Amino acid sequence: MTARYDRDPSEPSFSSGSPRPLSDSDRRILDAVPLAISRGADLELWLDEAERSTDYGDRFAMATASGRASTSFGFFAETPIEGVRTPIMGSVQDQLYDRLKLYDARDRASEAAQEPAAEWIGQQLRELVLRYFLRVSDFRPPGWQPVDEHPPPPFYLQPLSWLSSEESREPAFGFEQAYYKLAETGETGRFEGEQRCRVVDLRQLGPVYDWVVLRASVFDLELALTPIGQNRLDGILPRAEQSFLVLTPPWVIDEQKPSTPGESACFGLSFAFLPPAEDSLLAIGPGRIETAFQSLRFHVMDDGQIRARTRFAAQRPDKLVDVSVDPVSWSLRLADLLSMGAASQVLGPVEKMWKRMPRPAGLDPVQSTLDLANALTGGIAARNLGVSKRQLHKRFLAACLAQQYNLVAGSLTAWRQIPDWLDHEALPEWVRSGRNA
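To start, this report covers the structure provided alongside it. (Residues numbered from 1 in each chain as written. Predicted model: local features only at pLDDT ≥ 70, side-chain atom pairs only at ≥ 80, totals over all residues. Heavy atoms only, no water.)

A tally of regular secondary structure across the protein gives 10 helices and 13 strands. Long-range contacts, defined here as pairs at least 24 residues apart, represent 70% of the contacts in the protein between residues at least 6 apart. Carbon and sulfur atoms make up 55% of the accessible area of the protein, which totals about 22500 Å². (Helix = DSSP H or I, 4+ residues; strand = E, 2+ residues; numbered from the N terminus. Contact = heavy atoms within 4.5 Å. Areas by Shrake-Rupley, 256 points an atom, 1.4 Å probe, with all protein chains shown as cover.)

Moving on, we come to the environment of Ala-36. Looking at the secondary structure, you find Ala-36 in helix H2 (residues 33-53). A sequence separation of 235 residues divides Ala-36 from Phe-271, and the C-alpha atoms of the two residues are 9.3 Å apart. Ignoring anything within four residues of it in the chain, the contact list for Ala-36 reads Val-246, Ala-272, Phe-273, Leu-274 and Pro-275.

Our next topic: H2. Taking 1.5 Å as the rise per residue, H2 with 21 residues should run 30 Å; its terminal C-alpha atoms sit 30 Å apart, in good agreement. Along H2, the residues that are buried comprise Val-33, Ala-36, Arg-39, Gly-40, Leu-43, Glu-44, Trp-46, Leu-47 and Ala-50. End-on view of H2: buried residues confined to an arc of 165°, all on one side of the axis. Summarising the geometry of H2, the exposed residues directed more than 90 degrees from the buried face are Pro-34, Leu-45 and Arg-52. A positive phi of about 55° marks Thr-54, the residue just after H2. (Expected span 1.5 Å × (residues − 1). Buried < 20%, exposed > 50% of the residue type's maximum accessible area, 1.4 Å probe, protein only. Arc of directions from axis to C-beta.)

Attention now moves to unusual backbone geometry. Even without being glycine, Thr-54 reaches a positive phi, approximately 55°. When you line up the elements, Thr-54 lands in the loop between H2 and strand S1 (58-61). Even without being glycine, Glu-82 reaches a positive phi, approximately 55°. Tracing the backbone shows Glu-82 in the loop between strand S2 (70-81) and strand S3 (84-99).

The next point concerns the environment of Ala-292. Structurally, the position occupied by Ala-292 is in strand S12 (residues 292-301). For Ala-292 and Ala-313, which are 21 residues apart along the polypeptide, the C-alpha to C-alpha distance reads 5.7 Å.

The next subject is the pairing of S12. The element S12 is extensively covered by neighbouring structure, given that eight of its 10 residues are classed as buried. Bridge count for strand S11 (residues 263-273) against S12 is 10 bridges, and the pairing is antiparallel. Counterpart to Gly-268 in the pairing with S12 is Arg-297. In terms of strand pairing, S12 meets strand S13 (residues 305-315) through nine bridges, oriented antiparallel. The partner of Phe-298 across the bridge, within S13, is Ala-308. Connecting S12 to the next strand, S13, in antiparallel fashion are three residues, including Gly-304 with a positive phi near 100°. (Pairing = 2+ DSSP bridges.)

Glancing now at the nonpolar core. Of all hydrophobic cores here, the largest spans 59 residues; its most connected members are Tyr-97, Leu-125, Leu-134, Tyr-209, Phe-298 and Trp-421. Dropping the residues within four chain positions of it, Trp-421 is found in contact with Gln-124, Glu-127, Leu-128, Tyr-132, Ala-414, Trp-415, Leu-427 and Val-431. Within the second largest apolar cluster, 28 residues are counted, among which are Val-33, Ala-50, Ile-88 and Phe-293. (Core = buried A, V, L, I, M, F, W, Y, C linked by side-chain atoms within 4.5 Å.)

The next subject is the pattern of salt bridges. Summed over all chains, the structure comprises 19 salt bridges. Measuring nitrogen to oxygen at the nearest pair gives 2.8 Å for the salt bridge that ties Arg-390 to Asp-58. You can see Arg-390 sitting in helix H9 (residues 389-417) and its partner Asp-58 sitting in strand S1, a full 332 residues away along the chain. On the accessibility criterion, Arg-390 (36% relative accessible area) is partly exposed. A salt bridge links Asp-201 to Arg-203; its shortest N-O distance comes to 3.0 Å. Classification of Arg-203 as buried rests on a relative accessible area of 1%. (Salt bridge = Lys/Arg side-chain N within 4 Å of Asp/Glu carboxyl O.)

Here's what the structure looks like:
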């Protein structure tokens, strides 16, 4: 259901054009938006049907926090994506977000008095989810860093520095808005400056914007390679990459009287992941998967519970580690970094010539190791020891699930801090601006 947009006059509009021309990198991202929306819609259709039929294909349990009112599971399945049968994987998590104390037994003396209070709570949650959730939420748990009294060192000394990294200094939360397409004119542009953190009210999707692209540091995936078992010789392949996500009007949920029995309101959002725009060593991770979709819905129940339900589905990657990345382009980028941009002026023609040449076929050393281990053991490594791509995909889903839990649980602190989410003028600056205090 498309959200109705009730604009607050104090809310700024970001419909003006980008003051700087878009770069080739910007264009590559914008060109990928229609494909991401189309593929995301296919995954959403499959998730909706799986939820109605309770048939998620190959379903398996996921670990849950002890004593918490939450359930979760993962799945492997297949579904058509743009008409092509595609293997997918994903997870579903349902967790208690909050419980309204006005529904406690001691307050049931006057049920009539509860109705306006319940309606007011629904309005409060609506405002949080549709206007401020993406400004105050983060996938990452708090990182405790000392406040540095010195400026950051030059980039060539940073590997030796004990000071906090630039990432730990970043004042924004987990989401930033990067690009937009205007509904009236079809113009595309880039959010600049403070606009990047002050994510638009989702009710502007439709009346003002056809879509908005977000940038998110979903999580840093560390893929542990343990060829001879846990706590033995191993290696870590870190992932520290940002993902681009697109939001469209149909993916904004604003239902104040849903037809679901026992439910009085439902608010939420969904987004599709854009395909990767650059080469990378790893082929697995939110920024590397070709197709992915995630939804988050908050359900206000008649018994006073507020429940959060997250759903995630993604194309299963064929490779885990891709060494077919372009070595020449990577070398030129490194030279450009070390020369403060001078190398690209001299070696740019070399890179253009190289890109026109055919690329060598890639090799996945992780998959090769898994194949060798199972060939030598007659499949025992996969069946009895979990040495398989399937197990690595499960670990990836577990990492996704943990970050989704952090996203929801972290926003609960903000939800309980604010006495009135509808009093926009009284909201603290970190809520309005989307930047940490």
